[in-house]
Amino acid sequence: MKKIAALLTLGLSFGLSFPAAAQQGPGNNQPKPGVQQPSNDPTPAQIFGLFGALVNAANGGQSPFGGNPGGHNGGYPGNHPGGHPGAPGGHNGPPYYPPVPQPQPWPPQPGPWQGQFQTLNSIGSYSSNSEAASARDMAMGALSYLRLQVMESRVEYNSGWRFVIKYTSQQPLPVAQYRGGSYSSSGDAKAAADRTAEALKTQGKVIVEMPVFYSNGWTYIVGYVSLNQYPYQNEQLQKLPSIGSYSSSSEAAAARDYALRVMSDFRIPVMESRVEYNSGWRFEIVYNAPQPLYVQQYRGGSYSSSSDARNSAEQTASAMAVQRNIVIEKPVFYNSGWTYIIGYISRGW
């Protein structure tokens, strides 16, 4: 503080005495009468300017008010250099603008059409290029229905004609399979595949593919995707075999159709049905249900002719219907005499 006071005294004495000495020097012009002469006394701005310079010098060039060197007096800590343009006491410098943060690119937002590239290969093989192309078109229709974007599709030969489809999805498409039984002709297998596909559609399934091919007999596969849960929470594939045999395939088919009508009345979803020879002509029905149907049997007596056994079977079936039982099947066959069996379901099933 003593240093600042001494410099202040010296500066004030120097600033105030210098003009007076200049007026008393030899050769100075004398004031002219009637003309106002400019005053040589220091102005307040000059005094405070000199005061600031002296104090600045005494503090090693640092402002006691925290401003940066070259900034305006009275600045706050962190003031930018150069001061504001046009501010009193500051010099005109380039304007200062804080750096503008650059926008960052948004991460990709996944949608139903985005994701990884997935491959869908045909389940089975086809006998011709055209059949494989038709199957490919069906699969592409299913992918379109599921709102999946197809990137590429082709048909190629690999142990039979097959198709390959490239599509985008977060995960591979979960294609489940239903494998049919064995049939004597491709037409029968194709009809069974159509029935299976219709049954699956009623359960909220999307059919992707259903190839028909020969493998120790004509068979088929239906590939499908589940969209929702079927009302049966624990749906399982169940089988209903014929309880007896028939003398011809046509009789076995008629018995099968009768059982199918009964199951349709009770809205039991049937997946497939077929007639086959196994120690006589028999049928088998595959259906979906939490538990298998409990089919009870009534066995008739022995008769001398098939017509007598048939008439007795009809009488027994009518009596069971009166008791509110559901008759599924009533085969008539020869076994050490003509006899019959009534297959029925009680109302307690």
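Before any of the text, the structure's been laid out above.
Residues numbered from 1 in each chain as written. Predicted model: local features only at pLDDT ≥ 70, side-chain atom pairs only at ≥ 80, totals over all residues. Heavy atoms only, no water.

Q: Tell me about the overall build of the protein chain, and please be specific about residues and values.
A: For the protein chain, the count of helices and strands is six helices and 14 strands. Burial statistics for the protein chain: of 349 residues in total, 32% are counted as buried. In the protein chain, 63% of the contacts between residues at least 6 apart in sequence involve partners at least 24 apart. (Helix = DSSP H or I, 4+ residues; strand = E, 2+ residues; numbered from the N terminus. Buried < 20%, exposed > 50% of the residue type's maximum accessible area, 1.4 Å probe, protein only. Contact = heavy atoms within 4.5 Å.)

Q: Can you lay out helix 6 (residues 306–322) for me, pointing to particular residues and giving the numbers?
A: Across its 17 residues, helix 6 extends 25 Å between first and last C-alpha, which sits within 8% of the 24 Å expected from 1.5 Å per residue. For helix 6, the complete set of buried residues consists of Ala309, Ser312, Ala313, Thr316, Ala317 and Met320. Along helix 6, the residues classed as buried sweep out an arc of 140° about the axis, all on the same side. Across from the buried face of helix 6, at angles greater than 90 degrees, the exposed residues are Asn311, Gln315 and Val322. The positive-phi residue at the C-terminal boundary of helix 6 is arginine 324, with phi of around 65°. (Expected span 1.5 Å × (residues − 1). Arc of directions from axis to C-beta.)

Q: Describe the sheet that holds strand 9 (residues 270–277), and please don't skip the residues or the numbers.
A: If you walk across this open sheet you meet the three strands as 8-10-9, and the pairing is antiparallel. Bordering the open sheet on either side are strand 8 (236–241) and strand 9, each of which pairs with just one other strand. Strand-to-strand twist of the sheet, defined as the mean angle between neighbouring strand axes without regard to direction, takes the value 20°. For strand 8 and strand 10 (residues 281–289), the ladder comprises six bridges, and the chain directions are antiparallel. The partner of glutamine 236 across the bridge, within strand 10, is alanine 289. The strands touched by helix 5 (residues 249–265) within the sheet are strand 8, strand 9 and strand 10, with strand 10 carrying the most contacts at an inclination of about 20°. (Pairing = 2+ DSSP bridges. Axes fitted to C-alpha atoms, helices over the stretch in contact; angles between N-to-C directions.)

Q: Tell me about the pattern of salt bridges, and please be specific about residues and values.
A: Tallying each qualifying case throughout the model produces ten salt bridges. Salt-bridge contacts for arginine 274 lead to glutamate 284; the nearest nitrogen and oxygen are separated by 2.4 Å. Here arginine 274, found in strand 9, pairs with glutamate 284, found in strand 10; they are ten residues apart in sequence, far enough to count as distant. One connected set of salt bridges, linked through shared partners, spans Glu272, Arg274, Glu276 and Glu284. (Salt bridge = Lys/Arg side-chain N within 4 Å of Asp/Glu carboxyl O.)

Q: Lay out the sheet that holds strand 1 (residues 116–121) in plain terms, naming residues and giving numbers.
A: An order of 1-3-2 is seen for the three strands of this open sheet, with the pairing classed as antiparallel. Looking at which strands have only one partner, the edges of the open sheet turn out to be strand 1 and strand 2 (149–157). Each adjacent strand pair in this sheet contributes to an overall mean axis angle of 20°, direction not counted. Relative to strand 3 (residues 161–169), strand 1 is paired through six bridges, and the arrangement is antiparallel. Across the sheet, glutamine 118 pairs through a bridge with tyrosine 167, a residue of strand 3. Sitting on the sheet, helix 3 (residues 129–145) is in contact with strand 1, strand 2 and strand 3, with an inclination near 20° to strand 3.

Q: Explain the side chain of threonine 196 to me, using residue names and the numbers behind them.
A: With respect to the element layout, threonine 196 can be found in helix 4 (residues 186–202). Judged by relative accessible area, which is 0%, threonine 196 ranks as buried. Here the side chain of threonine 196 touches tyrosine 220 through a polar contact of 2.7 Å, side chain to side chain. Threonine 196 has contacts with Tyr178, Tyr220, Val222, Met271 and Glu272, leaving out every residue within four places of it along the chain. (Polar contact = N/O pair within 3.5 Å; in protein donor to acceptor, adjacent residues only side chain to side chain.)

Q: Can you explain the environment of valine 175? Please cite residues and give values.
A: Relative to the helices and strands, valine 175 is located in the loop between strand 3 and strand 4 (176–179). Judged by relative accessible area, which is 26%, valine 175 ranks as partly exposed. Each C-alpha atom, one on valine 175 and one on serine 226, is 8.2 Å from the other, the two residues being 51 residues apart in sequence. In contact with valine 175, other than residues within four places in its own chain, are Leu120, Ile123, Gly223, Tyr224 and Val225.

Q: Can you tell me about the pairing of strand 7 (residues 218–226), naming the residues and giving the values?
A: Counting buried residues along strand 7, seven of its nine residues qualify, which places the element largely inside the surrounding structure. As defined by bridge partners, strand 5 (residues 205–209) adjoins strand 7 across four bridges and the pair is classed as antiparallel. Its bridge partner being in strand 7, lysine 205 is matched across the sheet by serine 226. Pairing analysis gives three bridges linking strand 6 (residues 212–214) to strand 7, with the strands arranged antiparallel. The residue of strand 7 that forms the bridge with tyrosine 214 is tryptophan 218. What sits between the antiparallel neighbours strand 6 and strand 7 is a turn of three residues, in which asparagine 216 has the positive phi angle 55°.

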